[in-house]
Amino acid sequence: MPRNDDHGVTPQGEDFSAWYNELVTKAQLVDRGPARGTMVIRPYGYRVWELLQSELDTRIKDTGHDNAYFPLLIPESYLRREAEHVEGFAPELAVVTHAGGKELEEPLVIRPTSETVIGEMMSRWISSHRDLPLLLNQWANIVRWELRPRMFLRTTEFLWQEGHTAHADEAEALAETMLALDLYTQVARDVAALAVVPGEKTPGERFAGAAQTFTIEAMMRDGRALQAGTTHYMATNFARAFGIQYTSEAGQLEYCHTTSWGMSTRMIGAIIMAHGDDKGLVLPPNLAPYQVVVVPIGRGEQFDSVLAASRALAADLKQAGIRVHVDERTQLSPGFKFNDWELRGAPIRIELGPRDLDAGTAVVAQRLGMAGKSTLAIADLAATLPGMLADYQDYLLRRAATFRDEHTAVVDDWAEFVSAVSTGWALALHCGAAACEDDIKAETAATPRCIPLDGPPETGRCIRCDADSAYGKRVIFGRAY
RNA sequence: CGGGAUGUAGCGCAGCUUGGUUAGCGCGCCUGCUUUGGGAGCAGGAGGUCGCGGGUUCGAAUCCCGCCAUCCCGACCA
């Protein structure tokens, strides 16, 4: 239940879910949309998305992919062409049955993902090995009628990027799948400061229609896992369904091997839950709409000169490449603003008042990782702050990694497993049987999150059923969002 | 789809049990004055088809029936 007091948010330890729900609204990231499960992304939240988007888009283009745009509406029959795909998505489709005042001859689905249309178009564009690889990406909105919507994590409509590529053979397509996974890992670590674990999904957790699915898993501060991006190797499943074929150098007609991969606005939910605390958001500098917020303090004529100095400082910092904002709201007290920017996750706050102006200094406070405030010369700030922001970014990643490691246990018996997944992750051997996964889920709510790529080789007995272990290494289990 | 709950001002709520003048409170908002270094104070003011439809009644936010919506907990999922 929301607090009736208008300040602050419910502590994480009291009710993590309430903390999250109150925070996304109070920090002005989002507001509820009028239709069920929809979200309005407000300017402050959309800026975070734009920053993330730009970082990822640059990397996607640098690795040879081109952006394109495919239609929102897809003929229903397309979905049916790939058996597993339609089975996986049918329950969550939104379907347009009427348009132009008439019932449509063939219903149109609002894309839940675009493998089908893109597959259809690829089949028209590819005919020779010279047309390969075809490396496409699109930024789009998609709709999935989920049973239980949650801001950023699972909204009815969400924004994402979906890469779709076609290759001559399995090796190339698999390499592409891993390349995309690596892009995601980089963005998660270097931009979002998330200590993600890249790994492969077990067969039961695969994307509908994929031969192999890979993921980056992040740990939230309540110990639960969040899938922050996935990449899929489709083998020739979609190529066969949509006729994506090419003539090889040897003159043979061959099916393409395709991939797809996506990262979505869910990533923002991951950032909120991986870094946030009882005071509110903690945004990594690389994604903060305002990396530095200046709070001018004073009254009357004093305030005018403080404001002038604040604006001059902001201009300086902007020159130094910092995203800076001066909080000029006159009706609010400094104390209110301090709390407000802490709630909204601004990495660094600068307090500038008459005392400081006289001394030529400013009070600098970091959102986390620094005891108290420090007093620095105004003239030095433009030179000092970029380094502070970079250090703070690193600090957040280290903190996330430490938290993850402290909440991950290597377990070899069932009691330890149950205990580990109640507060975090368990690294355990598993037999690989779907029925055994289901059994574990029924008992503990935990699911296999991934088989970590860099896990050392190990074999033994299944943590649950004592059968021979599969995968040749340990699997991460955890409760997931 | 199962379980639980809620719809009263922008937000958070009280009022309903036991029907009765003009539906209250806190926050926010507007105006004015005083304030501003950790969530400012005083004064004045604006803001409501009480979720929708029907019924009972002289009279319904309140009682009855139906509907709709939303939220929370699970199962599905990026």
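Read on for a plain summary of the structure. Model, not experiment: these values are computed from the prediction.

1. Focus on the nonpolar core
Right, so step 1: Counting 57 residues, the largest nonpolar core has Tyr20, Leu29, Phe152, Met267 and Ile272 as its most contacted members.
Right, so step 2: For this core, the domains that each give at least three residues are domain 1 (16-275) and domain 2 (290-388).
Right, so step 3: Each residue touching Tyr20, except ones within four places of it in the same chain, is listed here: Arg150, Met151, Phe152, Leu153, Gly269, Ile272 and Met273.
Right, so step 4: Membership of the second largest hydrophobic core comes to 26 residues, among which are Leu134, Ala166, Ala208 and Ala239.

2. As for the sheet that holds strand 18 (residues 361-366)
Right, so step 1: One open sheet holds the five strands; their spatial order is 16-15-17-18-19, and the pairing between them is mixed. Across the chains shown, the open sheet's two edge strands, defined by having one partner strand only, are strand 16 (324-326) and strand 19 (374-377). When strand polarity is set aside, the average angle formed by the axes of neighbouring strands in this sheet is 30°.
Right, so step 2: Of the pairings in the sheet, the one linking strand 18 to strand 19 comprises four bridges and is antiparallel in character. Paired with Val364 across the bridge in strand 19 is Ser374.

3. As for the protein's contact with RNA strand B
Right, so step 1: Around RNA strand B lies a shell of 42 residues, among which Arg148, Arg266, Arg299, Ser333 and Asp356 are the nearest.
Right, so step 2: The sugar and phosphate moieties of RNA strand B supply 45% of its atoms located within 4 Å of the protein.
Right, so step 3: Interatomic distance of 3.3 Å between a side-chain N/O atom of Gln227 and a sugar or linking oxygen of RNA strand B.
Right, so step 4: In this structure, Ser333 approaches RNA strand B through a side-chain N or O atom, which is 2.3 Å from a phosphate oxygen.
Right, so step 5: Counting only elements with at least two residues in the surface near RNA strand B, the list comes to helix 1 (16-26), helix 10 (334-343), strand 17 (348-352) and helix 11 (354-359).
Right, so step 6: Counting residues per element, the surface near RNA strand B draws most heavily on helix 10, at seven residues.

4. Re the sheet that holds strand 5 (residues 94-99)
Right, so step 1: One open sheet holds the three strands; their spatial order is 4-6-5, and the pairing between them is antiparallel. The open sheet has two free edges, formed respectively by strand 4 (73-75) and strand 5, since each of these has just one partner strand. The average angle at which neighbouring strand axes cross in this sheet is 45°, direction not considered.
Right, so step 2: Of the strand pairs in this sheet, strand 5 and strand 6 (residues 102-110) are connected by five bridges, and their pairing is antiparallel. Considered in strand 6, the bridge of Val95 is made with Val109.

5. Description of the packing of helix 9 (residues 300-319) against helix 12 (residues 381-406)
When two helices pack together, their arrangement is given by the angle between the helix axes and the distance between those axes.
Right, so step 1: Closest axis-to-axis distance for the helix 9/helix 12 pair is 9 Å, and the angle between their directions is 55°. Put simply, helix 9 runs oblique to helix 12. Relative to helix 12, helix 9 is oriented so that their crossing is right-handed. On helix 12, the residues touching Leu313, Asp316 and Leu317 of helix 9 are Leu381, Ala382 and Leu385.
Right, so step 2: Along the lines of polarity and charge, the residues of the contact of helix 9 with helix 12 split into five nonpolar, no polar and one charged.

6. Some remarks on the pattern of salt bridges
Where charged atoms from two side chains of opposite charge come close, those side chains can pair.
Right, so step 1: On inspection of all chains with the given rule, the structure shows 22 salt bridges.
Right, so step 2: Of the charged contacts, one joins Arg81 and Glu120 as a salt bridge, the two residues approaching to 3.3 Å between their closest N and O atoms. With Arg81 in the loop between helix 3 (76-80) and helix 4 (83-89) and Glu120 in helix 5 (residues 115-125), this residue pair connects regions lying 39 residues apart in the sequence.
Right, so step 3: Using a relative accessible area of 36% as the deciding quantity, one classes Arg81 as partly exposed.
Right, so step 4: You can call Glu120 buried: its relative accessible area is 13%.
Right, so step 5: Here Glu120 ties to Arg124 by a salt bridge, and the two come within 3.2 Å at their closest N and O atoms. Highlighted residues: Glu120 and Arg124, both in helix 5, separated by four residues, approximately one helical turn.
Right, so step 6: In the salt-bridge network here, residues are joined through shared partners; they are Lys201, Glu205, Glu217 and Arg449.

7. Topic: a nonpolar patch on the surface
Right, so step 1: Residues Tyr69, Leu72 and Leu73 make up a contiguous nonpolar surface patch of roughly 280 Å² in combined accessible area.
Right, so step 2: Assignment of secondary structure puts Tyr69 in the loop between strand 3 (66-67) and strand 4.
Right, so step 3: On the basis of relative accessible area, Tyr69 is assigned to the exposed category, the value being 53%.

Quick notes on the rules
Residues numbered from 1 in each chain as written. Chains lettered and ligands numbered in written order. Predicted model: local features only at pLDDT ≥ 70, side-chain atom pairs only at ≥ 80, totals over all residues. Heavy atoms only, no water. Core = buried A, V, L, I, M, F, W, Y, C linked by side-chain atoms within 4.5 Å. Buried < 20%, exposed > 50% of the residue type's maximum accessible area, 1.4 Å probe, protein only. Domains from an automatic or database assignment. Contact = heavy atoms within 4.5 Å. Pairing = 2+ DSSP bridges. Helix = DSSP H or I, 4+ residues; strand = E, 2+ residues; numbered from the N terminus. Axes fitted to C-alpha atoms, helices over the stretch in contact; angles between N-to-C directions. Near = heavy atom within 4 Å. Polar contact = N/O pair within 3.5 Å; in protein donor to acceptor, adjacent residues only side chain to side chain. Parallel < 35°, antiparallel > 145°, perpendicular 65-115°, else oblique. Left-handed = near helix turned anticlockwise from the far one by under 90°. Nonpolar A, V, L, I, M, F, W, Y, C, P; charged D, E, K, R; others polar. Salt bridge = Lys/Arg side-chain N within 4 Å of Asp/Glu carboxyl O. Patch = residues over 30% accessible without salt bridge, like charges linked within 9 Å, V, L, I, M, F, W, Y side chains within 5 Å. Areas by Shrake-Rupley, 256 points an atom, 1.4 Å probe, with all protein chains shown as cover.

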